[in-house]
Amino acid sequence: MKTEMLAMILAGGQGTRLGKLTKDIAKPAVPFGGRYRIIDFTLSNCANSNISNVGVVTQYQPLALNAHIGNGSSWGLDGINSGVTILQPYSSQDGGKWFEGTAHAIYQNIAYIDQMDPQFVLILSGDHIYKMDYDVMLESHIENKASLTVAVIEVPIEEASRFGIMNTDENDRIIEFDEKPEEPKSNLASMGIYIFNWGRLRKLLVNSYSKDDQMLDFGKHVIPAYLESGENVFAYRFDGYWKDVGTIDSLWEASMEFIALDNPLDISNRAWKIYSKNLISPPHFITDTAQVENSLVNDGCYVAGKVVHSILSSEVQVKEGSFIEDSFVMPGVTVGKNVTIKNAIIGENAIIGDNAEVIGETEIAVVGNQEVIGVQIDEN
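To keep things clear, this report deals only with the structure shown in the data block. Owing to the predicted nature of the structure, the values given are computational and were not obtained by experimental measurement. (Residues numbered from 1 in each chain as written. Predicted model: local features only at pLDDT ≥ 70, side-chain atom pairs only at ≥ 80, totals over all residues. Heavy atoms only, no water.)

**Examining the overall build of the protein**
Which entries qualify depends on this criterion: Here a helix means four or more residues in a row that DSSP labels H or I, a strand means two or more in a row labelled E, and each is numbered from the N terminus. Our radius of gyration looks at C-alpha atoms and nothing else; its globule reference is 2.2 Å times the residue count to the power 0.38. Classification of residues uses two cut-offs on accessible area relative to the type maximum, computed with a 1.4 Å probe and protein chains only: under 20% is buried, over 50% is exposed, and between them is partly exposed. Whether two residues touch is decided by their heavy atoms; if any such pair falls within 4.5 Å, the residues are in contact. For the area figures, the Shrake-Rupley method with a 1.4 Å probe applies, and any residue is considered shielded solely by the protein chains shown. Under the counting rule used here, the positive set is Lys and Arg, the negative set is Asp and Glu, and His together with the chain ends is not counted. All charge positions are set by atom: Lys at NZ, Arg at CZ, Asp at CG, Glu at CD.
Helices and strands together make up the secondary structure of the protein, namely 8 helices and 27 strands. Here the C-alpha radius of gyration of the protein, 22 Å, is about what a compact globule of 380 residues would show, namely 21 Å. C-alpha extents for the protein along the principal axes are approximately 70 × 45 × 40 Å. For the protein, with 380 residues in total, the buried portion stands at 53%. In the protein, of all internal contacts separated by at least 6 residues, the share reaching a separation of at least 24 is 57%. If you sum the accessible surface of the protein, you get close to 17,300 Å²; carbon and sulfur atoms cover 45% of it. Each charge class in the protein was averaged separately, 28 positive and 51 negative side chains, and the resulting centres sit 4 Å apart.

Take a look at the structure:
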């Protein structure tokens, strides 16, 4: 089966920096924006960019992620010549082996990629919030006659030392790569999005592993190897909204930006929809005792308290006398009576008992998935 460009989404990360929120699920499966999961943005970008075949590389706690993706129908990726394939670690004659890095995950799935027979391979992360037309990036890759194209975004120079920084010439050809440099020479940060000519990348990986000179990671090993060998490596500049939501702070910040009046994602743009698995819930119900201000309340919610500048995901209950402000509440949460929640993220199906307080002061307060806080809830 010949395809021009195959997308490979790396979705196996444990997400340790998200703490309680990824105890039982992979980071790309973490809810976002009330009705989505983080991976929905990358999958939707693929669908909107006319990429018909996607491999999703999973590893850590994949059950929820696999169930969410299903056969790819929610993204229109279930046609005769299209599809989503879940790729997990497996045993071979050489024994089983966990994916040890981004490039190693691709190497372990060479058989799948060869089966799809792509000219180009698009490497993506499953834990970023953004909209990007990968087809335009491919056009740039072809125009530059590149062997590798790296998507980059400008970051404040004072923050550049947190990223892999690409130093380019006047034509945006990458001449140097610095991984988290103490004194960065530019502010072009790698987004972890790459387009490779598959034949060249395949040869590099196979030769490297045959010599036990393991190319484990794209940033640490593969990109430097390309630069050292004189390959045509170019930067593709992206100037839209992009957020790595791999920390509690960044997930909370992205959630608050999502409900801003000038939401930079422009989620209502029907020309570039963000798709997700369609869940059937009844309409939300706002009682006479409720107050809702500058908030997003999703289907299936019951609100009898006050909600200010917050996101209530589907099937959330907020009982009378409770107050929620500047918070992201994930699906299935029950908030009892006279509860106060401020500057917080509440994990899926958590229970916040009557009269409890969850208040973030110096840092964002977090309640884990299915965690129970406070006393038993009065069902009346």
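**Observations regarding the packing of aromatic side chains**
Formally: The pairing test for Phe, Tyr and Trp rings, Trp by its six-membered ring, is centres within 6.5 Å, and the orientation test on the planes gives stacked under 30 degrees, edge-to-face over 60, and tilted for anything in between. In this scheme, the term charge over a ring applies when either NZ of a lysine or CZ of an arginine sits within 6 Å of the ring centre and within 35 degrees of the ring normal.
Under the criterion given, the structure shown has 12 aromatic pairs. Through successive ring pairs, a cluster of aromatic residues spans Phe32, Tyr36, Phe41 and Phe258. The residue whose ring lies beneath Arg200 is Tyr226, and the NZ or CZ to ring-centre distance is 5.5 Å.

**Some details on helix α7 (residues 218-228)**
The criterion, for reference: Residues adjacent in sequence count toward polar contacts only when both atoms are side-chain atoms; beyond that, a polar contact is any pair of N or O atoms within 3.5 Å, and within protein one must be able to donate a hydrogen and the other to accept it.
All of the buried residues in α7 are Phe218, Gly219, Val222, Ile223, Ala225 and Tyr226. Regarding α7, its N-cap is Asp217, as a side-chain oxygen of that residue lies 2.9 Å from the backbone nitrogen of Gly219 further along.

**Examining the sheet that holds strand β22 (residues 334-335)**
Under the convention used in this document: Two strands pair if DSSP finds at least two bridges between them.
Taking strand neighbours across the sheet as the criterion, the 6 strands line up as β14-β17-β20-β22-β24-β27 in an open arrangement whose pairing is parallel. For this open sheet the edge positions go to β14 (285-286) and β27 (372-373), each flanked by a neighbour on one side alone. In the sheet, β14 pairs with strand β17 (residues 302-303) via 2 bridges, with the strands oriented parallel. Looking across to β17, one finds that Phe285 is bridged to Tyr302.

**A word on a negative patch on the surface**
This is how it is decided: The patches described consist of residues with a relative accessible area above 30% and no salt bridge, like charges being joined within 9 Å and nonpolar side chains (Val, Leu, Ile, Met, Phe, Trp, Tyr) within 5 Å. Between Lys or Arg on one side and Asp or Glu on the other, a salt bridge is scored when a side-chain nitrogen of the former is within 4 Å of a carboxyl oxygen of the latter.
Together, Glu4, Asp135, Glu139 and Glu143 line one region of the surface with negative charge. If one sorts the elements of the negative patch by residue count, helix α5 (residues 134-143) sits on top with 3 residues. Examined against the element boundaries, Glu143 turns out to sit in helix α5. For Glu143, a relative accessible area of 67% gives the class exposed.

**Some words on the packing of helix α6 (residues 198-210) against α7**
Worth spelling out the cut-off: Only C-alpha atoms enter the line fits that serve as axes; for helices the fit covers just the stretch in contact. Angles between N-to-C directions range over 0 to 180 degrees. An angle below 35 degrees is read as roughly parallel, one above 145 as roughly antiparallel, one from 65 to 115 as roughly perpendicular, and any other as oblique. Each helix crossing is assigned a hand: it is left-handed if the near helix lies turned anticlockwise from the far helix by less than a right angle, otherwise right-handed if that turn is clockwise. Gly is placed with the polar residues, together with every amino acid not listed as nonpolar (Ala, Val, Leu, Ile, Met, Phe, Trp, Tyr, Cys and Pro) or charged (Asp, Glu, Lys and Arg).
Following both chains from N to C, one finds α6 and α7 inclined at 110°, their axes separated by 12 Å at the closest point. Considering their axes alone, α6 and α7 lie roughly perpendicular with respect to each other. In the packing of α6 onto α7, the handedness of the crossing is right-handed. The residues of α7 that touch α6, namely those facing Arg200, Leu201 and Leu204, are Phe218, Val222 and Tyr226. Considered class by class, the residues forming the contact of α6 with α7 number 5 nonpolar, no polar and 1 charged.

**A few points about the side chain of Asp172**
Among the structural elements, Asp172 can be located in the loop between β9 (164-168) and β10 (174-179). Since its relative accessible area comes to 18%, Asp172 is described here as buried. Engagement of the side chain of Asp172 in a polar contact is seen with the side chain of Arg237, the distance being 3.0 Å. When sequence neighbours within four positions are dropped, the list of residues in contact with Asp172 reads Val233, Phe234, Ala235 and Arg237.

**Describing unusual backbone geometry**
In this structure, Asp266 takes a positive phi of about 45° despite not being glycine. Mapping Asp266 onto the fold places it in the loop between α8 (248-258) and β14. Look at Asp266 and you get partly exposed, because its relative accessible area is 38%. The phi dihedral of Gln370 is positive, around 65°, even though this residue is not glycine. Its place among the elements puts Gln370 in the loop between β26 (365-367) and β27. Judged by its relative accessible area of 60%, Gln370 is exposed.

**A short note on α8**
The buried fraction of α8 amounts to 8 of the 11 residues, a majority that puts the element mostly inside the structure. Looking only at α8, the buried set comprises Ile248, Ser250, Leu251, Trp252, Ala254, Ser255, Met256 and Phe258.

**Regarding the layout of surface pockets**
Definition in use: Using only the protein atoms, space was sampled on a 1 Å grid; points where a 1.4 Å probe fits but cannot get out form cavities, open sets with protein on both sides within 12 Å along at least five of seven lines form pockets, and lining residues are those with an atom within 4 Å of a point. Grid points are joined across faces, edges and corners, and a volume is the space filled by probe spheres set on the points.
Roughly 710 Å³ of internal volume is contained in the second largest pocket. Looking at the second largest pocket, it is lined by 27 residues, and the ones nearest its centre are Arg35, Tyr36, Ser276, Lys277 and Asn278. At 3 residues, the largest contribution of residues to the lining of the second largest pocket is made by helix α2 (residues 63-69). Of the residues in the lining of the second largest pocket, the class split is 9 nonpolar, 11 polar and 7 charged.

**Quick look at the pattern of salt bridges**
Summed over the entire model, instances satisfying the criterion amount to 11 salt bridges. The salt bridge partner of Lys27 is Asp127, with a shortest N-O separation of 2.7 Å. Here Asp127 lies in the loop between β6 (118-125) and β7 (128-130) and Lys27 lies in the loop between β1 (3-10) and β2 (31-32), a separation of 100 residues in the sequence. Each of the two residues, Lys27 as well as Asp127, counts as buried. In this structure, the salt-bridge partner of Lys185 is Glu176, at a minimum N-O distance of 3.1 Å.

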